[in-house]
Amino acid sequence: MARFVTLRLLRAALTIALVVTFAFIVLRMSGDPAQIILGPEADPEAIRAFRKSWGLDAPLWQQYFQYFGAIAQGELGRSMRDGRAAIELVAERIPATLALTLPALFLKLAIGIPAGIFAALNRGRFADRAIMLLSVAGFTVPSFVLGLVLVLVFAVQLGWLPSGGQDSWRHAILPILTLGIGGAAVLARFTRSAMLEVLGQPYIRTASAKGVPWRLVVTGHALPNAAIPTVTIVGFMVGSLIAGAVVVESVFSWPGVGRLLVVAVSNRDLAVVQCILLLVAATMVASNLIVDFLYGFLDPRLRHAGGKAGV
Amino acid sequence: MRETSRRSVLWMGGAAVAAPFVPRFAIAQTDNRPRITIAVQKIVNSNTLDVLREQSNVGERVFFTSLWEALISRDWLGNLMPQPGLATGWKRLDDQTVELQLRRGVKFHNGDEMTAEDVVFTFSRERMFGDTQPKNRATLRTSENIPTSRVTKELPAEIPAVARRAWPDLVRVEAVDRYTVRFHNGSPDVTLEGRLARYGSDIMSRRGWEEAASYLDWARKPITTGPYKVVEFRPDNSLTLEAHDEYWGGTPPLKSIRFVEVPEVASRVAGLLSGQYQFACDIPPDQISEVEKNAAFEVQGGTILNHRLTCFDKNNAQLANPLVRRAFTHAIDRQAIVDSLWAGRTKVPAGLQWDYYGDMFHADWKVPEFNPTLARDLLKQAGYKGDAITYRVLNNYYTNQNATAQILVEMWRSVGINVQMSTVENWSQIMARGPQRAVRDWSNSAPFNDPVSSLVNQHGPNGQQQQIGEWSNAEMNQLCEVLETSTDRALRRRSFRRMLEICEHEDPAYTVLHQNATFTAKAKSIRWKTAPAFAMDFRPGNYA
């Protein structure tokens with residue numbers, strides 16, 4: 001077990017280091033923050049002063065090692081837009097994003113998993129086809145289209161809900177629905193597939209043949225075995241809680257981490273981008289770790305196989 | 001002693017419960033001014049409300065005329081010509097000195113009266129110029145004689161550079177008395193009045209600066225004189241302004257103005273139609289008819305002090321010959337672009353100049369005519385063999401940029417110029433040096449009413465185009481010096497015309513495509529007039 005945990009922690013640390021390095025290279029090689037932040041009509045002298053004050057005139061390798069050294073000491077840098085600590089800026093936005101993504105996650109789970117199970121148990125019937133039709137529609141329609149349709153119906157036509165902003169709980173309803181519907185559709189499809197695969201296994205037939213009530217066969221044998229692929233998807237969704245609403249936050253003018261990321265990338269505000277990426281990577285890695293441990297819990301074979309298992 | 005009856009106890013109890021609501025009710029009765037919400041694509045780019053840090057069109061919209069004011073204002077709802085602002089009058093003492101009489105009784109948002117000391121501080125080393133030096137003097141003496149115990153606030157590094165570009169040779173601002181100030185320049189300059197009216201020369205409260213804990217604290221809530229004051233600024237989200245009822249120009253017509261950032265056009269329009277916003281800004285021309293399908297709404301707006309250009313790099317092998325660049329300029333049917341992409345709601349201007357230049361404006365000047373035959377002939381004379389020429393563009397940084405670029409490429413191709421469009425991501429990629437750099441998009445503004453503010457500042461020896469090594473011309477550079485220092489108005493006017501000839505016809509540095517425009521959608525029931533600028537005017541008299 002200790003080897004299992006150690007290997008995964010090492011892999012997580014390596015992943016985060018690679019993400020930070022990749023972000024640094026891509027952002028630094030693809031544009032000068034001074035020119036971008038100060039704008040196309042900026043005075044050349046102002047650009048020179050800006051670059052000097054932020055150390056952008058130093059060689060790239062020097063900037064990289066300085067940045068990595070600072071991270072090692074827990075210093076994530078300052079925003080070039082207003083000089084505030086990047087971590088402070090990002091931390092301010094996290095509650096707003098979680099106010100959308102957490103309820104949306106519950107909505108996805110509450111709709112997606114029961115719908116997938118129900119469809120699998122009614123394979124080929126009207127209910128199955130209806131759920132799958134809605135599911136395909138749900139995950140093929142881009143979130144910005146779905147969001148705008150919801151705005152047109154509920155804000156413009158019916159006037160029941162606001163079209164955007166973050167002034168009250170009512171402002172959160174449409175973005176949560178937009179996020180929730182798409183995710184529930186994905187989850188329903190995965191859950192259905194997993195359930196169908198398990199329901200076709202010999203041990204299900206054996207249990208039924210032995211006279212175990214169907215309800216117990218489903219809850220005691222099918223659901224736990226179908227949980228592994230579903231847990232993988234849910235793990236990914238949990239990992240996306242921080243930066244999984246970039247488009248929806250833009251459509252609904254919701255001031256969360258996603259919008260901060262868009263603005264920071266377009267301004268090449270490196271410290272903020274890297275702070276968000278670190279956070280996302282850490283969340284994703286932590287989520288994957290939890291999923292790995294859950295595999296071991298759900299399937300004893302994986303637990304006993306030690307570090308060889310994993311997805 | 002008077003007995004207290006059950007009825008009187010009940011009455012007093014009821015009165016006590018109601019008491020907190022009575023004043024509010026009374027206020028609501030007396031102050032029924034509307035509160036409005038304005039949806040914009042971006043509030044500010046720099047996350048601050050400092051006129052020297054945020055030098056952008058979007059900044060102009062929230063700053064002027066609501067928040068910041070200058071000594072010399074502009075006729076915002078007219079032709080943008082200078083008019084009295086925080087100064088009631090001004091006169092020239094000599095070629096280098098302007099004296100201004102301050103308006104009396106102007107109150108800052110903190111209740112202080114604006115005096116000469118605030119003006120001097122606004123143009124101080126501490127607030128504006130940092131360690132920079134005026135062009136012709138060893139040191140800046142502004143405000144050095146005013147003792148202070150305040151803690152120094154470190155300015156962002158680019159602010160002194162921006163300030164010095166706006167005031168290259170300002171050596172001293174003198175407080176003659178409480179309501180009189182003098183601006184002393186190091187060299188003769190006919191543009192001093194224009195510079196006083198420009199974006200960035202706006203007056204701030206000295207006490208407001210001193211009491212702020214840091215530059216950022218101040219820049220998020222600057223204490224100024226405008227008709228509205230900052231209540232709350234949430235960067236990338238919203239800016240709430242509230243009426244400054246001691247405003248010198250009368251009681252503001254709105255109780256509050258809230259700018260909210262809504263990046264998507266569709267979301268801005270939806271919010272307007274649903275009644276959530278009273279104004280939706282940055283409406284692209286192709287959406288105007290969509291909004292106006294609803295009879296209750298209209299789109300206002302029009303040309304602003306900004307021209308769209310296409311710039312040339314004369315170091316590029318194909319563009320070194322000016323005949324090729326001239327061919328580019330004659331192959332463009334500018335009016336077709338205006339008619340097709342802008343629904344005719346902007347115009348082809350008279351080159352890189354604006355009407356508000358006054359006597360420096362050359363009304364008879366024209367951009368190169370659309371003449372494909374001439375363009376082909378010029379290419380033939382130049383011996384152009386059809387080698388590829390790269391045209392770098394951004395993805396709709398400017399309104400209609402992609403569509404305009406595609407049309408331009410086809411127009412150039414039709415006369416025989418092989419232009420390859422290359423869409424890049426940001427300005428530093430646009431300006432990156434190398435053999436591929438050849439043609440690019442740009443726009444130029446005129447911060448004040450003289451060609452120095454645009455042609456000299458953007459294309460002269462210290463302007464961006466020459467600084468990044470795209471273009472240079474010895475005669476043009478000599479004429480820039482004339483324009484900056486001569487007080488002979490006739491000579492300046494002749495020099496400016498010659499500069500236009502060089503930059504737009506003989507040795508093209510750029511070619512002007514059209515004047516830029518901005519459009520704002522609103523409910524028809526709101527009586528409000530748009531300015532010929534990004535600025536939104538909500539001063540007394542312009543909202544009902």
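None of the values given here were measured: they were computed from a predicted structure.

**Examining the overall build of chain A**
Now for step 1: Counting its regular elements, chain A contains 14 helices and 0 strands.
Now for step 2: Ordered by position from the N terminus, the helices and strands of chain A form the series α-α-α-α-α-α-α-α-α-α-α-α-α-α.
Now for step 3: Looking at chain A as a whole, 42% of its 311 residues are labelled buried.
Now for step 4: Within chain A, contacts between residues separated by at least 24 positions form 73% of all contacts whose residues are at least 6 apart in sequence.

**Topic: unusual backbone geometry**
Now for step 1: Residues F64(B) and T65(B) are joined by a peptide bond in cis, for which omega reads 10°.
Now for step 2: For S253(A), which is not glycine, the phi torsion reads 50° and is therefore positive.
Now for step 3: For S253(A), the location among the structural elements is in the loop between helix 11 (246–251) and helix 12 (257–266).
Now for step 4: The class of S253(A) is buried, set by 26 C-beta atoms lying within 10 Å.
Now for step 5: Despite not being glycine, L80(B) has its phi angle at roughly 70°, a positive value.
Now for step 6: Residue position: L80(B) is located in the loop between strand 2 (72–74) and strand 3 (82–84).
Now for step 7: By C-beta crowding, L80(B) is classed as buried, having 22 other C-beta atoms within 10 Å.

**What to know about the interface of chain B and chain A**
Now for step 1: Taken together, the contact between chain B and chain A spans 37 residues of the former and 38 residues of the latter.
Now for step 2: Put simply, the parts of the chain that give the side of chain B that touches chain A at least two residues each are helix 6 (158–166), strand 10 (256–261), helix 10 (265–273), helix 16 (427–431), strand 15 (439–445) and helix 18 (464–467) of chain B.

**What about the domain arrangement of chain B?**
How big an interface is tends to be expressed through the accessible area that disappears when the partners come together.
Residue and element names in this part refer to chain B.
Now for step 1: In terms of domain boundaries, chain B breaks down into domain 1 (47–210) and domain 2 (305–517).
Now for step 2: Put simply, the middle of domain 1 and the middle of domain 2, counted by C-alpha atoms, are 32 Å apart.
Now for step 3: Between domain 1 and domain 2, the residue contacts involve 14 residues of the former and 11 residues of the latter.
Now for step 4: The element contributing the most residues to the side of domain 1 that touches domain 2 is helix 7 (residues 192–197), with 3 residues.
Now for step 5: Among the residues making up the side of domain 1 that touches domain 2, the classes are represented as 7 nonpolar, 4 polar and 3 charged.

**Structural notes on the sheet that holds strand 15 of chain B**
Residues and elements named next belong to chain B.
Now for step 1: Reading across from one edge, 8-9-10-1-11-16-12-15-13-14 is the order of the 10 strands in this open sheet, with mixed pairing throughout. Every other strand in the sheet has two partners, leaving strand 8 (228–234) and strand 14 (419–424) as the edge strands with one partner each.
Now for step 2: In terms of strand pairing, strand 13 (residues 389–394) meets strand 15 through 2 bridges, oriented parallel. Within strand 15, the position partnered with Y391 by the bridge is V439.

**Observations regarding the packing of helix 5 (residues 86–121) of chain A against helix 13 (residues 270–298) of chain A**
All names here are of chain A.
Now for step 1: Interhelical geometry of helix 5 versus helix 13 gives an angle of 55° and a closest axis separation of 9 Å. Between helix 5 and helix 13, the angle is such that the two are oblique. For the crossing formed where helix 5 meets helix 13, the hand is right-handed. In this structure, helix 5 uses A86, I87, L89 and V90 to contact helix 13, whose residues at the interface are A271, V272, C275, I276 and L279.
Now for step 2: Considering only residue class, the contact of helix 5 with helix 13 consists of 9 nonpolar, no polar and no charged.

**Thoughts on the nonpolar core**
Now for step 1: Membership of the largest hydrophobic core comes to 221 residues, with the highest contact counts inside it found for V272(A), I276(A) and A39(B).
Now for step 2: Sorting elements by how many residues they give to this core places helix 8 (residues 170–199) of chain A first, with 13 residues.
Now for step 3: Counting contributing residues, this core receives three or more from each of domain 1 (47–210) and domain 2 (305–517) of chain B.
Now for step 4: Setting aside chain neighbours within four positions, we find I276(A) in contact with V90(A), A243(A), V257(A), L260(A), L261(A) and A264(A).

**Examining the sheet that holds strand 7 (residues 180–185) of chain B**
Residues and elements named next belong to chain B.
Now for step 1: If you trace the 4 strands from one edge of the open sheet to the other, you get 4-5-7-6, paired in antiparallel fashion. Edge positions in the open sheet fall to strand 4 (87–94) and strand 6 (170–177), since each of these has one partner strand only. For this sheet, the mean inter-axis angle between neighbouring strands, taken without regard to orientation, is 20°.
Now for step 2: As paired strands, strand 4 and strand 5 (residues 97–102) are joined by 6 bridges and run antiparallel to one another. Residue pairing across strands places D94 opposite T97, the latter belonging to strand 5.

**A word on the confidence of the model for chain B**
Residues and elements named next belong to chain B.
Now for step 1: Summarising the model, chain B shows a mean pLDDT of 90, and 92% of its residues fall at 70 or more.
Now for step 2: Across residues 12–28 the pLDDT falls below 50, and counting only partners more than four positions away or on other chains, this stretch makes 0 contacts in the model.
Now for step 3: Across residues 137–151, where pLDDT falls below 50, the model places 23 contacts with residues more than four positions away in sequence or in other chains.
Now for step 4: Predicted complex metrics record ipTM = 0.78 and pTM = 0.84.

Cut-off values and rules
Throughout, residues of each chain are indexed from 1 in the direction in which the sequence is written. Each chain is given a letter, starting from A, and each ligand a number, starting from 1, according to the order in which they appear as written. Confidence filtering applies because this is a predicted model: local features only for residues at pLDDT of at least 70, side-chain atom pairs given and counted only at 80 or more, and all residues used for totals across whole chains, interfaces and linings. Strands here mean DSSP runs of E at least two residues long; helices mean DSSP runs of H or I at least four residues long; both are numbered from the N terminus. Burial is judged by counting the other C-beta atoms within 10 Å of a residue's own C-beta: 20 or more makes it buried, 12 or fewer makes it exposed, and any count in between marks it as partly exposed, with every C-beta position built from the backbone. Residue pairs are scored as contacts if the distance between their C-beta atoms, which are placed from the backbone, is within 7 Å. Residue ranges for the domains trace back to a domain assignment, done automatically or taken from a database. The classification used treats Ala, Val, Leu, Ile, Met, Phe, Trp, Tyr, Cys and Pro as nonpolar, Asp, Glu, Lys and Arg as charged, and all other residues, Gly among them, as polar. Strand pairing follows a simple DSSP-based rule, namely that at least 2 bridges must link the two strands. Orientation is described by lines fitted to C-alpha atoms, with helices fitted over the stretch in contact, and by angles between N-to-C directions that extend from 0 to 180 degrees. An angle below 35 degrees is read as roughly parallel, one above 145 as roughly antiparallel, one from 65 to 115 as roughly perpendicular, and any other as oblique. Note on convention: near helix rotated counterclockwise from far helix by under a right angle means a left-handed crossing. Clockwise means right-handed. Throughout this description, the term nonpolar core refers to a group of buried Ala, Val, Leu, Ile, Met, Phe, Trp, Tyr and Cys residues whose C-beta atoms join them within 7 Å. Residue-level confidence of the predictor is what pLDDT reports, using numbers from 0 through 100.

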